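Examination of the molecular architecture
The lines below spell out each chain.
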Amino acid sequence: MNEENEEIVWLHLIREGDQLAFKRIFYRYVDALVRFVSFYIHDKARAEELVLDIFTYIWENRQTFEIRLTWKAYLFQAAKNKVYTYIRDKKDAFYIEELSTLEISQSDSDIEMEELHGLIREAVSLLPPKCKEIFRKSRDELLTNKEIASQLHISEKTVEGQITIALKKIRTYLGDMYAYLW
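**A closer look at unusual backbone geometry**
- We note that His153 has phi near 55°; this positive angle belongs to a residue other than glycine.
- Within the secondary structure, His153 is located in the loop between α8 (145-152) and α9 (156-174).

**A short note on helix α2 (residues 19-41)**
- Bending of α2 peaks at approximately 40° at the position of Val30.
- For α2, the side-chain oxygen to backbone nitrogen distance between the N-cap and Leu20 is 2.9 Å, and the N-cap itself is Asp18.
- Where α2 terminates, the next one or two residues include His42, which has phi positive at roughly 55°.

**What about the environment of Tyr173?**
- Positionally, Tyr173 belongs in helix α9.
- Placed 53 residues apart in sequence, Tyr173 and Ile120 show a C-alpha to C-alpha distance of 8.3 Å.
- Those residues within four positions of Tyr173 in sequence are excluded, and the remaining contacts are Arg35, Leu119, Glu122, Ala123 and Leu126.

**Let's talk about the packing of aromatic side chains**
- Going through the model one piece at a time under the given rule, you end up with nine aromatic pairs.
- An angle of 85° between the planes, with centres 6.1 Å apart, marks the rings of Phe22 and Phe55 as edge-to-face. Here Phe22 is found in helix α2, whereas its partner Phe55 is found in helix α3 (residues 44-60), with 33 residues between them in sequence. Comparing Phe22 with Phe55 shows no difference in burial state: the two are buried.

**Observations regarding the pattern of salt bridges**
- Applying the stated criterion across every chain yields a total of six salt bridges.
- Put simply, Lys130 and Glu133 hold a salt bridge, and the shortest N to O gap is 3.6 Å. In this pair, Lys130 and Glu133 both sit in helix α7 (residues 129-139), three residues apart, roughly one turn of the helix.
- Of the residues examined, Lys130 reaches a relative accessible area of 42% and is grouped as partly exposed.
- Classification of Glu133 by relative accessible area gives partly exposed; the value is 31%.

**Some thoughts on α8**
- Restricting attention to buried positions, one finds in α8 the residues Ile148, Ala149 and Leu152. Each buried residue of α8 lies within a common arc of 100° when the element is viewed along its axis, so the set occupies one face. Of the exposed residues in α8, those oriented more than 90 degrees away from the buried face are Lys146 and Ser150.
- In the core, the buried residues of α8 are packed alongside α7 and α9.
- Looking one or two places after α8, you find His153, whose phi comes out positive at around 55°.

**Structural notes on the nonpolar core**
- Val37, Ile41, Phe55, Trp71 and Leu75 are the most contacted members of the largest nonpolar core, which has 32 residues in total.
- Looking at this core, the elements that each hand over two or more residues are α1 (3-15), α2, α3 and α4 (71-90).
- Ignoring anything within four residues of it in the chain, the contact list for Val37 reads Ala47, Leu50, Val51, Ala79 and Val83.
- Core analysis: the next-biggest nonpolar cluster, separate from the first, contains 18 residues, Ile148, Leu152, Ala166 and Ile170 among them.

Basis of the calculations
- Residues numbered from 1 in each chain as written.
- Predicted model: local features only at pLDDT ≥ 70, side-chain atom pairs only at ≥ 80, totals over all residues.
- Heavy atoms only, no water.
- Helix = DSSP H or I, 4+ residues; strand = E, 2+ residues; numbered from the N terminus.
- Bend = angle between axes of the 7 residues up to and from the residue.
- Polar contact = N/O pair within 3.5 Å; in protein donor to acceptor, adjacent residues only side chain to side chain.
- Contact = heavy atoms within 4.5 Å.
- Phe/Tyr/Trp six-rings, centres within 6.5 Å; stacked < 30°, edge-to-face > 60°.
- Buried < 20%, exposed > 50% of the residue type's maximum accessible area, 1.4 Å probe, protein only.
- Salt bridge = Lys/Arg side-chain N within 4 Å of Asp/Glu carboxyl O.
- Arc of directions from axis to C-beta.
- Core = buried A, V, L, I, M, F, W, Y, C linked by side-chain atoms within 4.5 Å.

Laid out in structure tokens, this is it:
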């Protein structure tokens, strides 16, 4: 069964009140959606509430609910709309600035790429300081391992090891949803 047909089947099952189908969609996307919303509003508890609001809406309106894109595209678009509304209602100068970075897009790949970039930035920010510095010099400044080693007065093997550690931690942070990238 191709992905498009699978999406239709899930929608049909949820419309019929199949809680297992709903749980499958929920658990498939909830963590990524919470990370995505948290990235913009910087409040994980509130992000969880906003994401739960989306799923509550779907369940409560399941009999008339429609999606025109994929589940992933719909959910991330809904998350963007929730963030937009939250930021607008917050009327905080910091959040208004953040609001300008939210560009509403209907493209599934645009939504996925934006989410992925945000998740990678989050993952990199959680690396230990030295590991983060080496990884950023490698990826952001495009320095060779030799150049990094020379600048930081460490061995090339240490640079290689730290980059390997960074990539493993990023991979773990991204989880199964983006396993195909590695």
